[in-house]
Each structure stands twice: as structure tokens, then as C-alpha cells.
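Inside the fold
Next come the chains, spelled out residue by residue.
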Amino acid sequence: MIRKHIVIVGSGIAGLIAALEIARQHDVTLVTKSELAESNTRWAQGGIAAVMFPDDSVAEHIADTLRVGAGLCNAEAVEVLCSEGPARIRDLIRIGVQFDQRNGELAKGLEAAHSYPRILHAGGDATGLSIELALVHAVRSAKNITVLEHTFANDLRLDAQGRVNGLEIIDPQRNERTMRANAVVLASGGAGQLYLHTTNPSVATGDGTAMALRASAVLADMEFYQFHPTALTMDGNTFLISEAVRGDGAVLLDANGRRFMQHIDPAAELAPRDIVARGIARQMAMQGGAPVMLDATLLVAKNGADFLAQRFPTIDAAVRHRGLDWSRDPIPVTPAAHYWMGGVRTDIWGRTSIPNLFAIGEVACTGVHGANRLASNSLLESLVFAWRCAAFLNEGREHDGLPGLTERPLPVPLEATPTAQRIDRTTLQTLMWNAAGIERNGVTLQQALSQLQNSRVLGASIADLETRNLLQLASVLMTASLAREESRGAQYRDDYPERSTSLQHSLLYAKNSEVSWSPGPNQNPLTASSSPR
Ligand SMILES: Cc1cc2nc3c(=O)[nH]c(=O)nc-3n(C[C@H](O)[C@H](O)[C@H](O)COP(=O)(O)OP(=O)(O)OC[C@H]3O[C@@H](n4cnc5c(N)ncnc54)[C@H](O)[C@@H]3O)c2cc1C
């Protein structure tokens, strides 16, 4: 088989797994804009969901995922995710990830909307860090992988037939270079930095999604952005308080110290994330914007004084660092932007609509999450589909692009008009938080979109390039959100509070520097286009 040069962008779980697997067959260059270990992955706390216990079942994991996805999951991709997940977890264990154990067996964790405690965790609440460090160690020791740290992927390079043949990068010395590649794998993660309040680290600026957009790749379901219900926000810093804390029994209290979630949903604090996030946002509005309180003291009463420090050492340290003692007092929490269900549309092999371009992990939209993501399914998605993408490439198969889409244009200019006003990142993030956040409506979305379309980012630093990417993606997200005149999953429109009876994905792509929107056919277009082996 011909040995190829494959360039991977990003070094979270998706990029690292892909690098390790693809390097069995090909030469790999792994490009990452910060240090190798920096990623959303390293901050993941709660864990990774998979069916690892005899009294659990793949069918139940599938059912939970589909239920939370609010009718928009790609059933084929969900089946792949849940049925291949256990084998991939065993791979992780072989690579060196040490999941926590209890009584000699893998410890079980419960998170919202799972019908079984199937969440594996490591280092208590340091699951992402444990995975990331084990994979970084393996990549550093592997043959055939060249790692380029502090190297910014700026744009994809296409040949005259529209096939990807390289990547434009900015190296640590700020030189712009083009790398030739037989294929590029985007594993560049999400874009939490779109929002003023986010659990994501600073690298999460959606660069890969924006690059794919500029190359005219099809994006899918971009309006669906998940807000995590509980982040500790103090002094402008946001720190995630994992769902696993509520899974273990912590409850939410209003300003008067009373529980409120049981009046909103029978599952109370363990209802799906959009319901809990909206419940908190509304409660905060009723109490003049003051945060609600997360009471974990019950866990201490039940399990002993050291329980929080032992079960959640990372959170415990972060809470105490901020001068709070959560074993004695409830702590203030608010929702924050967390995970993008939408992304570069792919099939179940990571193939995008552009030949030789793959996307895996949070940058991709495989359709496994539908309109909302089940807790702890995203690390699993990255793992499973990175492995599949590598399997596709290692078998020497050709990627000629996925079928296109039926166009129904809804143009959004990608390039700024000459009269456009300068916008800075904080203004953009504030606009997104207010207009395209937990609750939205058409009027505010339209006003914000008009403002974005009359905005441009000045400067050519890496931060400016990232902000330009965020600006383009903000327009896309708002366009998709406006087009979806219903409330479903993570998108709540107070002018369309009901779920529509018609079921459709939103598909977008840029053409002549404009973004077009298409509703896709009524059956699941993601399934229809993902040809099996
Ligand atoms: C605080 C937090 C807690 C979470 N907890 C959980 C959890 O418990 N369970 C779960 O399943 N999920 C969790 N998630 C979500 C999960 O961590 C992510 O969805 C997942 O890690 C994504 O992996 P990835 O490999 O796709 O991307 P990432 O891990 O984000 O990696 C992206 C990589 O791309 C690099 N990159 C980006 N742009 C460029 C560029 N232009 N050039 C070069 N490199 C670039 C980044 O530096 C980074 O290395 C959590 C997320 C956060 C933020």
C-alpha cells in the first residue's frame, strides 16, 4: 500500500488517537497551536460513557443518547458510538489510562439522563487529564509522528479540483508556510470562546470549523450549542463543576435556600442539560441575576468529611483556591457555554464533503448528539470516530467527498464590507451570550446578526486570526438559529417555544464568500449520505 503523508490538526483525544493509529501505516504530522497537552480534553472532569458492565446494555446507552438528542441524532452513528465504545475503552486502558476502581472493578459514575451509572472516571474528576497525558506519552514515544507545537493551522489548501492537498500554517517564529498532505484530519475541537462565559480553555476558538467553512465544506446543525448548567464564576474566571457532583447527590438551591429543579422536571437536578441550564437561567433572572447555589454538603453528611476532596480532587482544589469551603457551604453556580453539537458534517468514517478532508471529535458533526449531547458521550465520540477515520486511511481507501446538499440559499457574507466596523473579541462574545445564548428570539438574533455582518476584525496576530474565525462562526450559528423556527434540544427560541413536527437538520456552506443554508431532506440526511464500507 502507498505510504501517505497525513496532517492532523489538534492534539486532544481525537487528534492523538488518530495520530497513533494512522502512524501504523502512514507518515503523520501533528500540528497543534499550543503545547501538545493543551486541549478541551485535558479539562474534562466527569468521565467517559461506555457499556462496560454486564448488567448494562448497548441498547440502553443508544436509547439514552437518542432520547437526549431530541429526535435529531443520526441513528447509525449512535449505534457505532455505543457498540464500538467498549472496545475503544479497552484500547485506552492498554495505552495506559488508569480508570478509577472500586473493590477491584472499574468504578461506576452516574451523570444526568443516563439510565445506568456507566461513566468511567480517572483521578476522581481528572479523567480528561489522565487520558491526555497517557496519549501524549504514547505519541511522544511513537515512530512516524512529527509533532509541531505552537504551530497555528490557518487555512486548508485545495487543488484545482477542490481536493485538499495541504495546510497553511504559521510556525512558532511567525513564518507562514504551506505543508503538502495527501489528507488533512481536523481534530481541532470546539469553540467555547464564542461566548462570554465558557468552560472551554482559550484554545477553543473554532479554527478548524472556520477553515472548513472557508473551503466550502458542509457544516451541520450549527445552532445547537450546549450550555453546562453549573460553572463556578468568580472574578471573571469560569470553572466547571462537573455533572457528576449532582450525579452523586448534590442539589441546586435558590437565593432562599430552597430546591427548585423538581418543579421544572421530574428528574430535577439530573434532567438533561438544556433543561437544567434553562431552569437555572430563569431562576437567576427571578432573583435579579444572582447565581443559584450548588449544595454538596449533603454528600459530606452521607459519605464523610473527606469525600469531596477524594472523589473530586480537581474541583475541590479549585473551589478552595477561590476561598470557598463546599464541604460546609453551598457554592454559587451559573450556566456557561460548553460543547458544540454542530460542526463539520461527516459520515461515520470522519469523511467531510471535501475530498481528502476528514473531521473528528468536537469539530465534527457525526450526528451522534443530535440537538443535545448526553453527558460524557463526547470523549467517547472523539475516541471512536478518530479510530474509524484511521481505519479508513489505513485500509488505503480513497476519500472523494460526500454527496452535496440541496441548496436553499440564506446568504451570510463571510468577508467584511469596506464600511464594516471594528469588533473586538469581548464585544463579540457579549453579543453571542446575549443574543445566541441559552434563550433566543428572532428579533434579537436578527439584530445581532446584522451587527456581525457589519463587523470586521483588524490585525494579523494569532489572536486576531482566532477572533476572525469566531466572527465567521458566530454569523453561521446565528443564521442557523434564525432558520430553525422551533425549540428543540439545546436551542430554545422564546418566539417559537414548541418543537416543530417536521424534523430536519440544518446544513450550511460558504459559496462566493457567502454562507448558504439548506434544510436537508426530511429523513435524516446525515444517515442517507454516510455510505457503509
Ligand atoms: C471543562 C470541560 C469539561 C468536560 N468534561 C467532559 C466529560 O467529563 N466527558 C466528556 O465526554 N466530555 C467532556 N467535555 C467535552 C470534551 O472534553 C471535548 O468535547 C473533547 O475533549 C474534544 O476533544 P477533541 O480532541 O475533539 O478536541 P480538543 O480536546 O479540544 O483538542 C483540540 C486541539 O486542537 C488544537 N487546535 C485548535 N485550533 C488549532 C489551530 N488553528 N491550529 C493548531 N491546533 C489547533 C487545540 O490546541 C487542541 O490541542 C468537557 C469539556 C470541558 C471544556
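As the structure is a computational prediction, the values presented were derived from the model and not from experiment. (Residues numbered from 1 in each chain as written. Predicted model: local features only at pLDDT ≥ 70, side-chain atom pairs only at ≥ 80, totals over all residues. Heavy atoms only, no water.)

1. Notes on the overall build of the protein
- From N to C terminus, the protein includes 15 helices and 24 strands.
- Its C-alpha atoms give the protein a radius of gyration of 22 Å, within 12% of the compact-globule value 24 Å for 533 residues.
- Across its three principal directions, the C-alpha atoms of the protein cover 65 × 55 × 45 Å.
- Here the protein holds 533 residues, and 61% of them are scored as buried.
- Restricting the contact set of the protein to residue pairs at least 6 apart, pairs at least 24 apart contribute 72%.
- Of the roughly 19,700 Å² that the protein leaves accessible, carbon and sulfur atoms contribute 50%.
- Once the 48 positive and 56 negative side-chain charges of the protein are each reduced to a mean point, those two points are 3 Å apart. (Helix = DSSP H or I, 4+ residues; strand = E, 2+ residues; numbered from the N terminus. Rg over C-alpha atoms; globule rule 2.2 N^0.38 Å. Buried < 20%, exposed > 50% of the residue type's maximum accessible area, 1.4 Å probe, protein only. Contact = heavy atoms within 4.5 Å. Areas by Shrake-Rupley, 256 points an atom, 1.4 Å probe, with all protein chains shown as cover. Lys, Arg positive; Asp, Glu negative; His and termini not counted. Charge placed at Lys NZ, Arg CZ, Asp CG, Glu CD.)

2. Observations concerning the confidence of the model for the protein
- Per-residue confidence for the protein gives a mean pLDDT of 92, with 93% of residues at or over 70.
- The model gives residues 521–533 a pLDDT under 50, and that stretch makes 33 contacts with residues more than four places away or in other chains. (pLDDT = per-residue confidence, 0-100.)

3. Quick look at the sheet that holds strand S10 (residues 176–180)
- The antiparallel open sheet is built from three strands, whose spatial order is S8-S9-S10. Edge positions in the open sheet fall to strand S8 (152–158) and S10, since each of these has one partner strand only. Strand-to-strand twist of the sheet, defined as the mean angle between neighbouring strand axes without regard to direction, takes the value 25°.
- Against the sheet, helix H5 (residues 207–214) contacts S8 and strand S9 (164–170), and its axis sits at roughly 20° relative to S8.
- Against the sheet, helix H14 (residues 462–483) engages S8 and S9, with an angle of about 55° to S8. (Pairing = 2+ DSSP bridges. Axes fitted to C-alpha atoms, helices over the stretch in contact; angles between N-to-C directions.)

4. Quick notes on the site of the ligand
- Not every one of the 39 residues close to the ligand is listed here, only the nearest: Glu38, Thr41, Gly47, Glu362 and Ser378.
- One nitrogen or oxygen atom from the main chain of isoleucine 13 is found 3.2 Å from an oxygen atom belonging to the ligand.
- Within the backbone of glutamate 38, one N or O atom sits 2.7 Å away from an oxygen atom of the ligand.
- Taken by itself the ligand offers 1,000 Å² of open surface, and the protein chains cover 98% of this.
- At three residues, helix H11 (residues 378–394) tops the list of elements feeding residues into the shell around the ligand. (Near = heavy atom within 4 Å. Polar contact = N/O pair within 3.5 Å; in protein donor to acceptor, adjacent residues only side chain to side chain.)

5. Comments concerning the packing of helix H13 (residues 442–453) against H14
- Where H13 contacts H14, the axes come no closer than 10 Å and their chain directions differ by 150°. The angle between H13 and H14 falls in the class roughly antiparallel. H13 and H14 meet at a crossing whose hand is left-handed. On H14, the residues touching Gly442, Leu445, Gln446, Ala448, Leu449 and Leu452 of H13 are Leu471, Ala474, Ser475, Met478, Thr479, Ser481 and Leu482. (Parallel < 35°, antiparallel > 145°, perpendicular 65-115°, else oblique. Left-handed = near helix turned anticlockwise from the far one by under 90°.)

6. Examining the sheet that holds strand S19 (residues 357–359)
- In spatial order, the strands read S7-S2-S1-S11-S19; together these five strands make up an open sheet with parallel pairing. Two strands lie at the open edges of the sheet, namely strand S7 (145–148) and S19, each paired on one side alone. For this sheet the average axis-to-axis angle between neighbouring strands, irrespective of direction, equals 20°.
- Both strand S1 (residues 5–9) and strand S2 (residues 27–31) contribute to a ladder of five bridges, which runs parallel. Note that in S2 the partner of isoleucine 8 across the bridge is leucine 30.

7. Examining the packing of helix H12 (residues 425–435) against H14
- Interhelical geometry of H12 versus H14 gives an angle of 20° and a closest axis separation of 10 Å. As the angle between them shows, H12 and H14 are arranged roughly parallel. Like other packed secondary-structure pairs, H12 and H14 cross with a definite hand, here left-handed. Contacts from Arg425, Leu428, Leu431, Met432 and Ala435 of H12 reach H14 at Ala463, Glu466, Thr467, Leu470, Leu471, Ala474, Leu477 and Met478.

8. Topic: the pairing of strand S17 (residues 331–340)
- With respect to burial, S17 is a largely interior element, 10 of its 10 residues being buried.
- As judged from the five bridges shared by strand S13 (residues 225–234) and S17, these two strands associate in the antiparallel manner. Within the sheet, the bridge partner assigned to glutamine 226 lies in S17 and is tyrosine 339.

9. Observations concerning the pattern of salt bridges
- Tallying each qualifying case throughout the model produces 32 salt bridges.
- The shortest N-O distance in the salt bridge between arginine 118 and aspartate 64 comes to 2.8 Å. With arginine 118 in the loop between strand S5 (105–106) and strand S6 (119–120) and aspartate 64 in helix H2 (residues 58–68), the pair connects residues that are 54 residues apart, well separated along the chain.
- Residue aspartate 64 is classed as buried on the basis of its relative accessible area of 1%.
- In this structure, aspartate 91 engages arginine 88 in a salt bridge whose closest nitrogen and oxygen atoms are separated by 2.8 Å. Note that aspartate 91 and arginine 88 are positioned in helix H3 (residues 75–95) at a spacing of three residues, about one turn of the helix.
- Shared partners join several salt bridges into a network, and the residues in it are Lys33, Asp207, Arg425 and Glu466. (Salt bridge = Lys/Arg side-chain N within 4 Å of Asp/Glu carboxyl O.)

10. Let's talk about the nonpolar core
- Core analysis: the largest hydrophobic core is formed by 61 residues, its most contacted members being Ile8, Ile22, Ile48, Ile89, Leu92, Phe99 and Val185.
- At the level of elements, S1, helix H1 (13–22), S2, H3, helix H4 (127–141), strand S11 (183–186) and H11 are the ones that each hand at least two residues to this core.
- The element best represented in this core is H11, accounting for 11 residues.
- In this view, isoleucine 89 contacts Ile48, Ala50, Met52, Phe99, Leu120, Leu380 and Leu383; residues no more than four positions away in its chain are not counted.
- In this structure, Ile354, Leu431, Met478 and Ala480 belong to the second largest nonpolar core, which totals 58 residues. (Core = buried A, V, L, I, M, F, W, Y, C linked by side-chain atoms within 4.5 Å.)

11. Considering the environment of histidine 121
- Its place among the elements puts histidine 121 in the loop between S6 and H4.
- C-alpha of histidine 121 to C-alpha of asparagine 454: the two residues are 333 residues apart in sequence and 46 Å apart in space.
- Every residue in contact with histidine 121, bar those within four places of it in the chain, is listed here: Gly46, Gly47, Phe99, Asp100, Ala107, Lys108, Gly109, Thr127 and Arg311.
- Here glycine 124 takes part through its backbone oxygen, which lies 3.5 Å from a polar atom of the side chain of histidine 121.

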